[in-house]
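Topology and contacts: notes
Residue-level listing of the chains:
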Amino acid sequence: MGLKGLLFSIVLINLSLLGLCGYPRKPVDVPFWKNYEPSWASHHIKYLNGGSTADLVLDRSSGAGFQSKKSYLFGHFSMKLRLVGGDSAGVVTAFYLSSNNAEHDEIDFEFLGNRTGQPYILQTNVFTGGKGDREQRIYLWFDPTKGYHSYSVLWNTFQIVIFVDDVPIRAFKNSKDLGVKFPFNQPMKIYSSLWDADDWATRGGLEKTDWSNAPFTASYTSFHVDGCEAATPQEVQVCNTKGMRWWDQKAFQDLDALQYRRLRWVRQKYTIYNYCTDRKRYPTLPPECTKDRDI
């Protein structure tokens, strides 16, 4: 990140501690089993350090995945990842929130592997009422295979903010007043997976997975969940009560000036695709893009 980036991060941390800007509460490091359980191919998940770290393993036979034990409506969700190193072309590591119905809501991180020496691509997307097609792609400003980095989602009735190491890389505002659906009544579980997607993941599927490099391993730690549990209609109603949780307070209803500066930094230096600026695909600007201040 460099000296300027480091100094900027120190300023943000101090302001956050003073309650002067809307950065989420510091995540609490907890072991895998507190909030999560395997969802498929449990034999391809390895637990280390008493479950404080979980490694997902992909080989020719299978990848693996896990999910939260409970469903949530709003909150702050994060984990730290170290992505597959070396030649990871065709391999996708995913971390996302999703509801389970036809007109589902979903908030995605997808890390798209690449050939050795080429940077990872982080793709984010937001589905509302079953509609997605809101992809944004960025390069990261560090090597995500060399150590653990934090990836998190802040979700309330006002906005969804996606963070990388406390840097906001995307904000999706509640634009119901513009006719855009927003996730507000469908509880979501948190999922993560490691899988082979060489039909599309790297250069549109031109680069295939090199299985001579298998097994591929993505490592996870710090399984933080701070959300409103919602398994029944009554709990959904409780979670929809504004002002009762820290993430509903004024500081978290919009990005502050420092966060907007950081988001512009990401847009100017690291963004390689933004659906909001794709006029060939969207001749008419999607209405939420103006409200998101992402053009």
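Looking at an unreviewed UniProt entry, one finds the protein chain named Xyloglucan endotransglucosylase/hydrolase, with Nicotiana tabacum as its source organism. Checking UniProt for the protein chain, the heading Function (unreviewed entry) contains the comment "Catalyzes xyloglucan endohydrolysis (XEH) and/or endotransglycosylation (XET). Cleaves and religates xyloglucan polymers, an essential constituent of the primary cell wall, and thereby participates in cell wall construction of growing tissues." Recorded in UniProt for the protein chain, the comment headed Sequence similarities (unreviewed entry) runs: "Belongs to the glycosyl hydrolase 16 family. XTH group 1 subfamily."

**Some words on the state of the cysteines**
Taken as a whole and assessed by the stated rule, the structure comprises two disulfides. With its sulfur 2.0 Å from that of its partner, Cys228 forms a disulfide with Cys239. As the torsion about the S-S bond is roughly -90°, the Cys228-Cys239 disulfide counts as left-handed. Remark: Cys239 occurs in helix H3 (residues 233-239) and Cys228 occurs in strand E14 (residues 216-229); sequence separation between them is eleven residues. Among the residues examined, Cys228 registers a relative accessible area of 4% and is labelled buried. Disulfide pairing is shown between Cys276 and Cys289; the S-S distance is 2.0 Å. Across the disulfide from Cys276 to Cys289, rotation about the S-S bond amounts to roughly -80°, and the bridge is consequently left-handed. Note that Cys276 is positioned in the loop between strand E15 (271-274) and helix H5 (287-291) and Cys289 in helix H5, a separation of 13 residues in sequence. Here Cys276 matches Cys289 in class, with each residue buried. Take the cysteines of the protein chain that form disulfides and number them in order along the sequence; they join up as 1-2, 3-4.

The rules behind the values
Residues numbered from 1 in each chain as written. Predicted model: local features only at pLDDT ≥ 70, side-chain atom pairs only at ≥ 80, totals over all residues. Heavy atoms only, no water. UniProt positions renumbered as here; feature names shortened; annotations may be inferred. Disulfide = S-S within 2.5 Å. Helix = DSSP H or I, 4+ residues; strand = E, 2+ residues; numbered from the N terminus. Buried < 20%, exposed > 50% of the residue type's maximum accessible area, 1.4 Å probe, protein only.

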